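Below are the chains, spelled out letter by letter.
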Amino acid sequence: MTGTEHAVHRSLRTRIRENQRPAAVWVAVLLALVALEAGALVDLAVVLVQGMVKAWPFGNPGMAGIESAKAAAEAIPTLLSRETIPNQGWRTSANGPWTNTFLGLEPMVAWLLRFALTYAYVGVLIGWFLYGYRLYREHYRQADWTPTDDVVRRFRSHSWGKFGFVVVVVFVVMAVFAPTLSPALAEENIENPYSYEMQYFDEETGSVETVFVGQANSQSTSQGAGDDNIGLWQYDDFGRFHPFGTMPNGKDLFTFMMYGARVSLFIGLLSMGIMGAFATVFAMTTAYYKGLVDLAVVIVGDSVMSIPQLLLLILAMAVFNGHWLEGIYNGGLLIALVFGLSGWPGLWRAVRGPAFQVSTEEWVDAARSFGQRPSATMRKHMLPYVVGYLLVYASMTLGGVIIGTAALSFLGIGIDAPTPEWGRAVSLGQPFIATQSWHIAMIPGLLVVAVVTAFNALGDGIRDAIDPQSEGGESETTAAAAGGGGG
Amino acid sequence: MSQQPRRQRTASEPVLSVENLRTEFHTDKEVIRAIDDVSFDVHPGETVGIVGESGSGKSVTARSIMGLVDDPGRLLDGSSIRFRGEELVGKTEDEYRDVRGDGIAMVFQDPLSSLNPVYTVGNQIKEALKLHQGLTGKAATDRAAELLKAVSIPDARRRLTEYPHQFSGGMRQRAVIAMALACDPDLLICDEPTTALDVTIQAQILELLNDIQDAEDLAIVFITHDMGVIAQVADRVNVMYAGEFVEKAPVEELFANPRHPYTQSLLESIPGRGDADERLQSIEGDVPTPHGAATYCRFAPRCPKAFDECDAIHPAHVDVGEEDVEHTAACLLYPDDLPQEEALAIHQERQTEAERTGDGDAQLVDENTPPEEEQ
Amino acid sequence: MTEVVESDESAREEDVLVEVNGLKKYYDAGSLTGTPVKAVDGVDFDIRRGETLGLVGESGCGKTTLGRTLVHLEAATEGEVLFDGRDVTSLSGSELKRWRRNAQIVFQDPESSLNDRMTVGEIVREPLDVHDWPTLTVRVAGDPDATVTGDAEAVGPTATGRDVDVTVTVSGDDADVAVRDSLPIGPEDLAVDVDSGSTTTVDVELLPSKAQVRRAHVRDLLERVGMQREHYFRYPHQFSGGQRQRIGIARALALEPEFVVLDEPVSALDVSVQAKILNLLEDLQDEFGLTYLFIAHDLAVVRHICDRVAVMYLGNVMELGAADSLFDEPANPYTHSLLSAIPEPDPTIESDPITLRGTPPSPRDPPTGCPFSTRCPAKIRPEAFDDLDDETWAAIDDLHRIVRERGRAERSLRERAREVLGMETRFSDVEDIVVEVFGRLDRTPDTTAERSFEAMMDALPRDVRGPLVDVTDHLRENREEDALERLLDAFGSECDATSPAYYDVDEGGRVSMCHRHDPAYDDVGPVLEERYGDYAGR
């Protein structure tokens, strides 16, 4: 081996070392961006741990440590936190300036500012990652073309898919940044309103009063009749701004939606994770081994599919009532588990076809012929071709899970109060739909439709990007023209 | 099957007359000129072969004649396809449908995809009969059984009720031929009909086509890449390369005196032609994808006899055969009885003439750089 | 009469690399769904070291299955495959994996044999990664008891050639190191330390990483098969069919096998590209001393590249012998038919092939007796019907095939019900069929089915009429089994009864499976000439 051998192939590290500037600049900016929100990330991590610890049925180890960690996390200054841009303030006099809000702006403006900044931040972050990918392709990647390039290119020209992607991102941001995006905190407004106090300018007394949030809520209800309604984009009598109005119990609908997105996303992702894991493993093994293995999984899968999901969910909720499993997220974990364990046959069936097709390709035979282990063959030679379909069906199923959860909550057997969930909002607003308080049922309903449609659109986009045939014959025409279609 | 004496072209009118056919495909990335100025004709009762490798454009030729070239492909202005004297280019889809099946029928390469797997074979034949001859019911069934018998499928009536997957490959192709013949066409276009079949089944199919041609005085256009098959079935042969015909001759003449370097190389690379011990001759490089009108010889990059002018002048067809033999080749080496400058001048003149009369596309793409050669 | 041929025994005793005895591969054997598919039905042959054995036949004859079974992609149902004297059909686990290095396969379809998501380099390199190549084997010259430590292992005393990677000659504390040529490393890439104590211990360390060695090896391979080193990082779809096939060949050669099965390697390529790949294969065989099993259906290609050829039909080897003599003077009727069916690229030759009638039988239901008996143009006829004309015989054969087909045709429940009730089904038109089959004999058919049937029957010779009437009766009652039996009873012969043995047909060791090679019968050549005249002048 001569020295030239070493020169031709350089590892990624070497290549970066050779051309440091673009990479360095990109990493620096990324770090800066992350630093802006570092506190929120840490906080989120702590909250997750806290949630798990709380739900642990066998005592609560390390609770104190977690509490202090949370306090520390909250102390880190972040750009988009409620501390930096507060929106919950009050007037000091009848038409006087607002205090306790960002720059003395009125609550609506302050909230809108924080809301817009959050989305702008996310947009910049995503854009920066895409730019980083482009940099990598241009400067650091050795191959001048990979199959992923074609996929990306096709997705970029797919309008419906891009629409889906955007809305899904909006949804995910809602869930992740819920405390930042809401005008109020769920803890204060929805879950324990009588444990927190707030201040407002009382016009009757002419001074700043203190009151429990719960009391304020009880006087800001939206129940249809005349005055008793805080609709879209309105202030209530306590100087609080409600972008989506309030609910029949006076709680802020927008906050409810944001935190409800968290629940939906959690259930969706968890059930998708379970379904995806089962489906992938089974699809790979049945396609590789065929025969008896396939028969066994078919029998098991069909048996599971034959159980009506709705009944199973009701059954599960009833049976596990009071169990610690049911306590997590007020039934959220349980719903996710049931969806996951009963929904995997559908997903498996969807990718079974492509998996079988891939298993008949000669390169799989070739791998066997030189003694490749089955697990490596499945991973390297079969899985990449199935992942695309998996993503497509997974994204569509995710929409289905979200709408299923909403439906259950609507029926009252899903997520219990006080955990927010979109379906329950629809149910709460149902009696008032023909009145002034139509917003309570309508907004959540529309949001559910939008999100589910977006997931489907995203799935469409991914499928079209991955499977060129579906693009209406782009490869077909070139083949027909160049190859004459035969021989 | 005994070989019939080569059919002499009668003075009768050609059934099909293709002139200056040009077909282009406009995709997002590029423009592909799949067929560039192709002309030939077919007389009743004779078999005209089109032979070439993959990428030469032979299938597109068949589809162009049948009117099956869809967006983003189109036939350029100046192309003419006359069938039974009638101009086909410019017909609407409905008008074309009348011609298809009834006048011109096509047999494709893969019988599995030409037959619909969810309908019985009888059903599909009867569909063709209904469309073109208005037969229904018992009359259609009888005629369908007759057709299957005519293509030597035994136990025809029972077979009518079976599905394509219950037929073997050779039988399927026979069934497809039966469907093609259902409406008594005058011209049958066969696009690599035996490529996917075993050699003994291929022999059966070729014998069948021969019998049918004798019985019905059918004109056949036979497209293939197999020189052996061409030698056995064709009366006249057109050799196709990168969208153009590079040589046209009666079949014995072509094999005895191949003139164009491509034809010569093709014949040499057939195993069995030369000594068994020698290495096989091969042609370097790949078939190029043409992107516009040619201003040079497309075979030049791979031609063992190429010289400088080959990259600058587009060769036109010149006579290269004996007195009464119609043999033309598009190569700057010919006519070889003239000094080179005069020969080149002839080609140059014809090229300028072609440019002047308009070649169908708005701008002449300047392709002075021959396409890149992949190893 | 056929002459008895004495073959040359000495020709047989060459160095045999692969020996196949009684190999069978059945699919769905012993399953609930009835008859198994007999893809390979008892095959015996050897492949000599360094030769190219061709395996030809039409689709469904089992040649691909046979090739795959030899490299253990399919498990044999019965029989043995001896590789260098060792039975490999019973190997499993790590032994099987080790053996796989010796036998590799090149696939047919260049589009499907390479994983599009991997780069060319990764594809060719994968076998090396799986086997943790290279496992350096070291021979310490003149000292078989020396221990070898480090990155290498000692090699057995009988190992030669490819099995010895490094040779170390010890003189005192120094060592002289020689590395096998085909490895991409040289002595400078090894750190050899000799400790000559009571027993000599040689420690061999590999200086570059194994990954680097593998990369170098892959690049060497790519160059050898006619690609460029830079192609390591490209993806398969950027290459043409011929180039992809080269990549497949490089991958097969990565582990330095002795035996390569080439499963129709050029069938999917154009003629000019075929030529290049065939030349490449020949060059590689010379350079690496490979033994090939070349599976193909294109006989011209096979003739060019193969030393010996085996002709397969329906899972059996019909004829096996030296390529040139087999093609020039075939012995087996199937080989005759195959050769005569090839269209000759020479229009002046009057091609008059023996066109086989019918299609090959299904491997689920092979004929009793000789597998070719249903279509054989030289089939032995019973003496009673010796003077019957060929056309009538062709008709009888057609009827035989139709009856067999009917027996196997699927009947829906409805049809069975109708049959039992005596109603008309699509199997009812027996007379029509018989008339159609025999009606080709230039008899003028009458107007109605029954009358044309009778008229036709009357025109046939008596001894044919009798059995035919019985057969028609059986068919009418849907008793296909009985009809078949009656047919065989009347018109059958040795060919339908027993499977022929292999006979030696020339001095060069060629064997062929046909009853006619028995001295009791006329030989194949003269019979075909008599029946078909001068077919294709072979």
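Scoring rules and cut-offs
Residues numbered from 1 in each chain as written. Chains lettered and ligands numbered in written order. Predicted model: local features only at pLDDT ≥ 70, side-chain atom pairs only at ≥ 80, totals over all residues. Heavy atoms only, no water. Helix = DSSP H or I, 4+ residues; strand = E, 2+ residues; numbered from the N terminus. Buried < 20%, exposed > 50% of the residue type's maximum accessible area, 1.4 Å probe, protein only. Contact = heavy atoms within 4.5 Å. Areas by Shrake-Rupley, 256 points an atom, 1.4 Å probe, with all protein chains shown as cover. Lys, Arg positive; Asp, Glu negative; His and termini not counted. Charge placed at Lys NZ, Arg CZ, Asp CG, Glu CD. Pairing = 2+ DSSP bridges. Axes fitted to C-alpha atoms, helices over the stretch in contact; angles between N-to-C directions. Patch = residues over 30% accessible without salt bridge, like charges linked within 9 Å, V, L, I, M, F, W, Y side chains within 5 Å. Salt bridge = Lys/Arg side-chain N within 4 Å of Asp/Glu carboxyl O. Parallel < 35°, antiparallel > 145°, perpendicular 65-115°, else oblique. Left-handed = near helix turned anticlockwise from the far one by under 90°. Nonpolar A, V, L, I, M, F, W, Y, C, P; charged D, E, K, R; others polar. Right-handed = clockwise from strand over helix to strand, strands pointing away. Buried area = accessible area lost by both parts, 1.4 Å probe. Polar contact = N/O pair within 3.5 Å; in protein donor to acceptor, adjacent residues only side chain to side chain. Phe/Tyr/Trp six-rings, centres within 6.5 Å; stacked < 30°, edge-to-face > 60°. Expected span 1.5 Å × (residues − 1). Domains from an automatic or database assignment.

Chemist: Teacher, can you tell me more about the overall build of chain C here?
Modeler: For chain C, the count of helices and strands is 17 helices and 19 strands. Split into buried and exposed, the 538 residues of chain C put 54% on the buried side. Within chain C, residue pairs in contact and separated by at least 24 positions form 65% of the contacts whose partners lie at least 6 positions apart. Surface accessibility of chain C: about 22,600 Å² in total, with carbon and sulfur atoms responsible for 44%. Put simply, chain C has 57 plus and 108 minus side-chain charges, and the middle of one group is 7 Å from the middle of the other.

Chemist: Would you mind going over the sheet that holds strand β9 (residues 152-154) of chain C with me for this structure?
Modeler: Paired through backbone hydrogen bonds, the strands of a sheet run either parallel or antiparallel to each other. Residue and element names in this part refer to chain C. Ordered by their spatial adjacency, 4 strands build an open sheet running β9-β7-β10-β11, and the pairing between neighbours is mixed. The open sheet has two free edges, formed respectively by β9 and β11 (174-179), since each of these has just one partner strand. On average, adjacent strands in this sheet sit at an angle of 35° to one another, irrespective of strand direction.

Chemist: So what exactly am I meant to see when it comes to a nonpolar patch on the surface here?
Modeler: Residue and element names in this part refer to chain A. Taken together, the side chains of L112, L232, W233, I433, W438, M442 and L446 make up a nonpolar region of the molecular surface, amounting to roughly 650 Å² of accessible area. On the secondary structure map, L232 appears in the loop between α10 (213-218) and β5 (234-235). A relative accessible area of 35% means that L232 is categorised as partly exposed.

Chemist: What's the story with the packing of helix α5 (residues 137-150) of chain B against helix α7 (residues 169-181) of chain B in this structure? I'm lost.
Modeler: A pair of packed helices can be characterised by two numbers: the angle between their axes and the separation between those axes. All names here are of chain B. Two numbers describe how α5 lies on α7: the axes approach to 9 Å, and their chain directions differ by 125°. Regarding the angle of α5 to α7, the classification is oblique. As α5 packs across α7, the resulting crossing turns out to be right-handed. When α5 is examined against α7, the residues R143, L147 and L148 are found in contact with a partner set consisting of A175, A178 and L181. Its residues placed into classes, the contact of α5 with α7 shows 5 nonpolar, no polar and 1 charged.

Chemist: Honestly, the pairing of strand β8 (residues 187-191) of chain B in this entry has me stumped. Any pointers?
Modeler: Looking down a regular strand, the side chains alternate between one sheet face and the other. Residue and element names in this part refer to chain B. Summarising burial for β8: 5 of the 5 residues are buried, a large majority. Neither face of β8 is open: one carries L187, I189 and D191, the other L188 and C190, and all of them are buried. Across 4 bridges, strand β7 (residues 104-107) lies against β8 in parallel orientation. Across the sheet, M106 pairs through a bridge with I189, a residue of β8. Pairing geometry for β8 and strand β9 (residues 219-224), over 5 bridges, is parallel. Considered in β9, the bridge of I189 is made with V221. Note on the crossover from β8 through helix α8 (residues 199-216) to β9: the handedness is right-handed.

Chemist: What is the right way to look at the interface of chain B and chain C in this model?
Modeler: The extent of an interface is frequently quoted as the accessible surface area lost upon association of the parts. Across the contact, 53 residues belong to chain B and 49 residues belong to chain C. When the two sides are added together, the surface that chain B and chain C hide from each other amounts to roughly 4,400 Å², 50% of it contributed by carbon and sulfur. Inspection of the region where chain B meets chain C yields 2 salt bridges. Between E405(C) and R159(B) there is a salt bridge; the shortest N-O distance is 3.1 Å. Linking chain B with chain C are 7 residue pairs in polar contact (both at pLDDT 80 or more). For the side of chain B that touches chain C, the elements supplying multiple residues, two or more each, are α6 (156-160), α8, α9 (227-233) and α10 (251-256) of chain B. Of the residues forming the side of chain B that touches chain C, the biggest block, 7 residues, is contributed by α8(B). For the side of chain B that touches chain C, the class distribution of residues is 18 nonpolar, 16 polar and 19 charged.

Chemist: Please clarify how the packing of α7(B) against α8(B) should be interpreted in this entry.
Modeler: Residue and element names in this part refer to chain B. Two elements in contact, α7 and α8, have axes whose closest approach is 10 Å; the angle formed by their N-to-C orientations is 20°. For the element pair α7 / α8, the angle class is roughly parallel. Between α7 and α8 the crossing geometry is right-handed. Contact residues: G170, Q173, R174, I177 and L181 in α7; I201, Q204, I205, L208, L209 and I212 in α8.

Chemist: Is there a simple way to think about the packing of aromatic side chains in this case?
Modeler: Here the distance between the centres and the angle between the planes together describe a pair of aromatic rings. All names here are of chain A. Counted by the stated rule, this structure contains 35 aromatic pairs over all chains. Ring centres 6.1 Å apart and planes at 70° place the aromatic pair W26 and F129 in the edge-to-face group. Here the residue W26 occupies a position in helix α3 (residues 20-55), and F129 occupies one in helix α5 (residues 107-140), the gap between them amounting to 103 residues. A relative accessible area of 18% means that W26 is categorised as buried. F129 sits in the partly exposed class, given a relative accessible area of 45%. Taking 5.8 Å as the distance between ring centres and 50° as the angle between the ring planes, the aromatic pair formed by W111 and F241 counts as tilted. Of this pair, W111 sits in helix α5 while F241 sits in strand β6 (residues 241-242), and the two are 130 residues apart along the sequence. Side by side, W111 and F241 carry an identical accessibility label, which is buried. A network of ring pairs unites the aromatic residues W98, W111, F115, Y119, W233, Y235, F241, F244 and F254 as a single cluster.

Chemist: Would you mind going over the environment of V42(B) with me for this structure?
Modeler: Residues and elements named next belong to chain B. Turning to its location among the elements, V42 is positioned in strand β2 (residues 31-42). The spacing of V42 and E13 is 29 residues in sequence and 8.9 Å in space, taken between C-alpha atoms. Setting aside chain neighbours within four positions, we find V42 in contact with P14, V15, L16, V48, L187, A219, I220, V221 and R236.

Chemist: Honestly, helix α4 (residues 210-224) of chain C in this entry has me stumped. Any pointers?
Modeler: Every α-helix carries 3.6 residues per turn, so stepping three or four residues along brings you back to the same face. All names here are of chain C. Taking 1.5 Å per residue as the helical rise, α4 with its 15 residues ought to reach 21 Å, and the 21 Å between its terminal C-alpha atoms agrees with that figure. Within α4, burial applies to V213, R214, R215, A216, H217, V218, R219, L221 and L222. Just beyond α4, the residue with positive phi is G226, at close to 95°.

Chemist: What is the right way to look at unusual backbone geometry in this model?
Modeler: Across residues other than glycine, the phi torsion is negative in most instances, and most of the peptide bonds are trans. Note that the residue after Y334(B), namely P335(B), is joined by a cis bond; omega there is 0°. As for its placement among the helices and strands, P335(B) is situated in the loop between β13 (328-330) and α12 (340-356). Here the amide bond leading from W133(C) into P134(C) is cis, since omega sits at -5°, within 30 degrees of zero. Inspection of the secondary structure assignment puts P134(C) in the loop between α3 (120-130) and β7 (136-140). Not every positive phi belongs to a glycine, and E192(B) is a case in point at roughly 50°. Mapped onto the secondary structure, E192(B) falls in the loop between β8 and α8. A relative accessible area of 0% places E192(B) in the buried class.

Chemist: How do you make sense of the domain arrangement of chain C when you look at a structure like this?
Modeler: In terms of domains, chain C is made up of domain 1 (15-117 + 235-326), domain 2 (129-211) and domain 3 (383-492). The centre of domain 1 of chain C, based on its C-alpha atoms, is set 43 Å off from the matching centre of domain 3 of chain C.

Chemist: Any chance you could explain the sheet that holds β7(B) here in plain terms?
Modeler: All names here are of chain B. Read from one edge of the open sheet, 8 strands run β7-β8-β9-β3-β10-β11-β13-β12, paired in mixed fashion. At either margin of the open sheet sits one strand with a lone partner, and together these are β7 and β12 (317-319). Recorded for the sheet is a direction-independent mean angle of 20° between the axes of neighbouring strands. Bridging between strand β3 (residues 47-51) and β9 involves 5 bridges; their strand directions are parallel. Looking at the pairing, T47 lines up with I220 of β9. Most of the contacts of α8 go to β9, to which it runs at about 160°, and overall it touches β3, β8 and β9.

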